[in-house]
Amino acid sequence: MSKPQGSSVKERAETALKDEFLVNAVKFTTEKLKNGKKAATAEHGNWEEWRERGRQIRAHTIAHLDYYLNQFVDHARAQGVHVHFAPEAKDAARIAVEIAKHKQAKSVVKSKSMVSEEVHINEAFEGIGIESIESDLGEYIIQLANEPPSHIIIPAIHKNRYQIADLLSKEAGETLAPDTKILAGFARRKLRDKFLEADIGLTGANFGIAESGSIVIFENEGNARMVSTVPKTQITLMGMERLIPTWDDLEVMATLLPRSATGQKLTVYMSGITGPRRTADGDGPEEMHIIIVDNGRSLQLGDPDFQELLNCIRCGACLNACPVYRHIGGHSYPGTYSGPIGAVLTPALNKNTEEWQDIANASSLCGACYEACPVKIPLHDMLVYLRNRKVERGYTTAGEKLAMKGFKMLMKSSGRFKQAVKLGQTGQKLLVRDGYIRSQFGPLKGWTAYRHIPALPSRSFRERWPQLDAEVGASLPPMPEAMKSRMESIVAGRKERGTKR
Amino acid sequence: MNTSDPSFLAKMEQQSREQQKRFIGHIANRLGRGGAGDSRKPEHPYRGAPEFWNRYELTHEERIERFMGNWRAAGGHTERVAGWEELSGVVTRILQEHGAQSTIRHDLPELAGLRLEQQLPELAHRVWNGQDPDASLAAAAYTDAGIVLVDDAVAYTGSLVVTSSAEKGRSVSLLPNLLIAIVPTERMKTRLGEVMGRLSCSAGEGLPAGVHFISGPSRSSDIENDLTIGVHGPGIAYALIVG
Ligand code: SF4
């Protein structure tokens, strides 16, 4: 799928910022979701206790992932599920294709699955002439547009109704009015036929329950239920870290996930699927496969700085909270995952140190992502680790001293960033003029606070270091105490453990 | 092809078991443990909701009130019906109001007791039949109204719980555009955890293949944040509380 032009985060952000609709849509949507979460968590009450319990359950599961995976697999097999293991993305695609080929499948209908994006399953099916159809309304729209999703929860956040009407009209062979009801009505009819025709249903999984070998899917439209009810064969792609030990733990996840994602008490559908249909059942798949995917996840295990990444429940709250994401939108990030979680997860999964350089800059380190996260993943600290490791691996000419100065600078720019965000609407308007960015803060400047617009926007962060160092050295405002002690404890902690990894 | 060739599955199964050792062994290794993974059940001190939450309880009437409020807020319709005698009339009225031409229902005596065939002889009525799966599924896909009896309901989240069996097709609560769910008051719980606890207890013996929590009509906000009701699943959802 084609990413918007530009190869660096910065270039893509610039492209994105020229699209006024996109800028407003992302702002509006993230604001709406953020407010929804705020209201829902306040109404529920004791949110900190729930967050802490969520963190405990996730951390415990990941710490004993070997045990829980074996338990999950044993129970799933006992229910008649065919379980497969995919160390890498290509293995997952190969296994799915093998099953589809054996079944002489003509079409696969899919519900939303981030892992399937990760392993490029659509391309794999299309490569052997099997039609692969996204059935989530937003995913269906962007599939027709041949674009990747730009938000974990609302993938077509960047398309307006006129663009959607054009896309669907082409599909319908007639002109559809740019009216939500008409457009959604068309998609319902069209996809209903696709569900009934499809040979294979492909789903993701929000959670796997170790004690029963069940998978759990949260959704609002009902398409994941369709995919797991109508076709005769079901394939589920599941990240190996999705597990929770018991159904009791699901109550905690069901409390945290929907409230954090959209502010709902529960998504319209939460389905626990345990094996293929029982012999006497009339619907549900006759054959069920679960493909458990590693694809870089195991690299985080045993790494004290990044193991907590695997606790993520993919709610998208950190995206909505992030002033940078809200400003530049999802396509500015490389890879499947965007926002703060993407900024850490993408390079972590790829172990791509070069990419860190670019992407770790795309954060203001304000800590809003951590505050928003229902399982308390310290994403902002991780961004600092990324930056630090980059220094260690020699991806910058500057040494540790300079990097630490960099930390201070971040804090400074983060303070400015917050201040600027407070200015609100007026400030925002000033940022984009004549389609170009006039921002004095935030992602477009990396962690820095330029006084002038750079003449050569393609200059790398590394190349800017000497100049920045001079600039920062000249006028370094005091770092907020809390930030300072956090930074210091991070660095001390790293020293203690012996840094080079 | 519906079912795979057993030899194909056997081959995949063998590969899977070989791969499992390596895959989970690698995880154990990263976690600083050797072998094919930890085989001892770990202590799980943080199981389920925080302690204080497990003491949260609503009275019978509060539960019903809370459920109805939540269900309406999610865009659903709900009514309280005095008893099974009255229920038949209410269901009939709803079907007429929405101009339903056809119904499909779970194969349960309580629903047969609605006597819809007599009440509305001009409609096409069908009962889910696990023995005739393809016809049942195809019928459900083009039927106006699905009628189900729920296993449980959860007041705090405004959710219904339906499970699958030979008598209770998953399609009935999913494919028709109008859903009518019957909720006997004694099945109304306060917290999700009460349902989870029961599922957890039967986890070892095997659960129904499908356990579905439903919290309102199908919805999407994928087009310009504009709320659309009835994408894929039922757009009109009634919860009728009996008793
Ligand atoms: S990192 Fe936290 S907030 Fe972000 S998607 Fe994951 S769970 Fe949600």
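It should be emphasised that the depicted structure is a prediction, and the values quoted were computed from it without experimental measurement.

## Notes on the overall build of chain A
Argument step 1. On a plain count of helices and strands, chain A comes out with 22 helices and 13 strands.
Argument step 2. Looking at the 501 residues of chain A, the share that counts as buried comes to 66%.
Argument step 3. Considering only contacts in chain A between residues 6 or more positions apart, those separated by 24 or more positions represent 74%.
Argument step 4. Here chain A has roughly 17,000 Å² of accessible surface; of this, 53% comes from carbon and sulfur atoms.

## Re the overall build of chain B
Argument step 1. Counting its regular elements, chain B contains eight helices and twelve strands.
Argument step 2. With respect to the three principal axes, the spread of C-alpha positions in chain B is 65 × 50 × 45 Å.
Argument step 3. When the 243 residues of chain B are sorted by exposure, 58% land in the buried category.
Argument step 4. At a minimum sequence separation of 6, the contacts of chain B that also span at least 24 residues come to 71%.
Argument step 5. With the model as given, the accessible surface of chain B reaches about 10,100 Å², and the carbon-plus-sulfur share is 49%.

## With respect to the packing of helix α5 (residues 89-102) of chain A against helix α1 (residues 6-30) of chain B
Argument step 1. Two elements in contact, α5(A) and α1(B), have axes separated by 12 Å at closest approach and are oriented at 170 degrees. Between α5(A) and α1(B), the angle falls in the class roughly antiparallel. Contacts from I95(A), E98(A), I99(A) and H102(A) in α5(A) reach F8(B), M12(B) and Q15(B) in α1(B).
Argument step 2. Taken together, the residues that form the contact of α5(A) with α1(B) break down as four nonpolar, two polar and one charged.

## Some points on the sheet that holds strand β2 (residues 102-105) of chain B
All names here are of chain B.
Argument step 1. If you trace the six strands from one edge of the open sheet to the other, you get β1-β12-β7-β4-β2-β3, paired in parallel fashion. Lying at the two open borders of the sheet, with one neighbouring strand each, are β1 (77-81) and β3 (124-127). Direction aside, neighbouring strands of the sheet carry axes that sit 20 degrees apart on average.

## Structural notes on the interface of chain A and chain B
Argument step 1. Residue-level contacts link 115 residues of chain A with 95 residues of chain B.
Argument step 2. Roughly 9,000 Å² of surface becomes buried between chain A and chain B when both sides are summed, with 55% attributable to carbon and sulfur atoms.
Argument step 3. Run the count over chain A and chain B and you get six salt bridges.
Argument step 4. Note that E13(B) and R77(A) form a salt bridge whose closest N and O atoms lie 3.1 Å from each other.
Argument step 5. Our enumeration of links across chain A and chain B arrives at 57 residue pairs in polar contact (both at pLDDT 80 or more).
Argument step 6. Among the elements that take part in the side of chain A that touches chain B, helix α10 (residues 180-197) of chain A stands out by supplying nine residues, more than any other.
Argument step 7. In the side of chain A that touches chain B, the residues fall into 49 nonpolar, 37 polar and 29 charged.
Argument step 8. When strand β9 (residues 269-273) of chain A meets strand β9 (residues 210-214) of chain B, the two strands line up antiparallel, connected through five bridges. Paired with M270(A) across the strands is F213(B), a residue of β9(B).

## A short note on the UniProt feature "domain: LUD" (unreviewed entry) in chain B
Argument step 1. The feature "domain: LUD" (unreviewed entry), as annotated in UniProt, sits at residues 64-242 of chain B in this numbering.
Argument step 2. End-to-end, the C-alpha atoms of residues 64-242 of chain B are 10 Å apart, and along that stretch the chain is 28% helix and 28% strand.

## What to know about the confidence of the model for chain A
Low-confidence regions, as indicated by low pLDDT, have predicted coordinates that should not be scrutinised in detail.
Argument step 1. Taken residue by residue, chain A gives an average pLDDT of 77. The fraction at 70 or more is 70%.
Argument step 2. A low-confidence stretch, residues 396-480 of chain A stays under pLDDT 50, and its non-local contacts, those more than four residues away or across chains, total 125 contacts.

## Overview of the side chain of N220(A)
Argument step 1. Residue placement: N220(A) occurs in the loop between β6 (214-219) and α11 (223-227).
Argument step 2. Here the side chain of N220(A) touches Q264(A) through a polar contact of 3.0 Å, side chain to side chain.
Argument step 3. A distance of 2.9 Å separates a polar atom in the side chain of N220(A) from the backbone nitrogen of V268(A).
Argument step 4. Excluding anything up to four places from it in sequence, N220(A) contacts Q264(A), T267(A), V268(A), Y269(A), S218(B) and R219(B).

## With respect to the site of the ligand
Argument step 1. In the neighbourhood of the ligand, 13 residues make up the surrounding shell, with C312(A), C315(A), G316(A), C318(A) and C373(A) lying closest.
Argument step 2. Of the residues assigned to the shell around the ligand, the class counts are eleven nonpolar, one polar and one charged.

## Quick word on the packing of aromatic side chains
Argument step 1. Taken as a whole, this structure holds ten aromatic pairs over all chains when the rule is applied.
Argument step 2. A ring pair is formed by W50(A) and W53(B), whose centres lie 5.5 Å apart and whose planes are at 75 degrees; its orientation type is edge-to-face. Residue W50(A) is found in helix α3 (residues 47-63), and its partner W53(B) is found in helix α2 (residues 51-54); the two belong to separate chains.
Argument step 3. Residue W53(B) is classed as buried on the basis of its relative accessible area of 6%.

## Points about the environment of S132(A)
Residues and elements named next belong to chain A.
Argument step 1. Mapped onto the secondary structure, S132 falls in strand β3 (residues 131-134).
Argument step 2. The spacing of S132 and K110 is 22 residues in sequence and 7.1 Å in space, taken between C-alpha atoms.
Argument step 3. Side-chain polar atoms of S132 contact the side chain of N122, separated by 2.6 Å.

## Considering the nonpolar core
Argument step 1. If you look at the biggest cluster of nonpolar residues, it comprises 69 residues, and the most contacted ones within it are F207(A), F218(A), L250(A), M270(A), L309(A), L379(A) and F213(B).
Argument step 2. Considering each element in turn, this core owes the most residues, eight residues, to helix α12 (residues 247-261) of chain A.
Argument step 3. For L309(A), the residues in contact, after removing those within four places along its chain, are Q300(A), I341(A), V344(A), L345(A), A348(A), I377(A), L379(A) and M382(A).
Argument step 4. If you look at the next biggest cluster of nonpolar residues, it comprises 53 residues, including L176(A), V230(A), I223(B) and I241(B).

## So, unusual backbone geometry
Argument step 1. Even without a glycine there, the phi angle at Q104(A) is positive, about 50 degrees.
Argument step 2. Within the secondary structure, Q104(A) is located in the loop between α5 and β2 (107-110).
Argument step 3. The class of Q104(A) is exposed, set by a relative accessible area of 57%.
Argument step 4. Its identity as a non-glycine residue notwithstanding, H232(B) has a phi of 75 degrees, on the positive side.
Argument step 5. Owing to a relative accessible area of 2%, H232(B) belongs among the buried residues under this scheme.

## Overview of the sheet that holds β9(B)
Argument step 1. Strand order in the open sheet formed by eight strands is β8(A)-β5(A)-β6(A)-β9(A)-β9(B)-β6(B)-β5(B)-β8(B), with mixed pairing between adjacent strands. What marks the edges here is a single partner per strand, and that holds for β8 (243-244) of chain A together with β8 (188-189) of chain B.
Argument step 2. Across five bridges, the pairing between β6(A) and β9(A) is antiparallel. The residue bridging F218(A) from the neighbouring strand is M270(A), located in β9(A).

About the thresholds
- Residues numbered from 1 in each chain as written.
- Chains lettered and ligands numbered in written order.
- Predicted model: local features only at pLDDT ≥ 70, side-chain atom pairs only at ≥ 80, totals over all residues.
- Heavy atoms only, no water.
- Helix = DSSP H or I, 4+ residues; strand = E, 2+ residues; numbered from the N terminus.
- Buried < 20%, exposed > 50% of the residue type's maximum accessible area, 1.4 Å probe, protein only.
- Contact = heavy atoms within 4.5 Å.
- Areas by Shrake-Rupley, 256 points an atom, 1.4 Å probe, with all protein chains shown as cover.
- Axes fitted to C-alpha atoms, helices over the stretch in contact; angles between N-to-C directions.
- Parallel < 35°, antiparallel > 145°, perpendicular 65-115°, else oblique.
- Nonpolar A, V, L, I, M, F, W, Y, C, P; charged D, E, K, R; others polar.
- Pairing = 2+ DSSP bridges.
- Buried area = accessible area lost by both parts, 1.4 Å probe.
- Salt bridge = Lys/Arg side-chain N within 4 Å of Asp/Glu carboxyl O.
- Polar contact = N/O pair within 3.5 Å; in protein donor to acceptor, adjacent residues only side chain to side chain.
- UniProt positions renumbered as here; feature names shortened; annotations may be inferred.
- pLDDT = per-residue confidence, 0-100.
- Near = heavy atom within 4 Å.
- Phe/Tyr/Trp six-rings, centres within 6.5 Å; stacked < 30°, edge-to-face > 60°.
- Core = buried A, V, L, I, M, F, W, Y, C linked by side-chain atoms within 4.5 Å.

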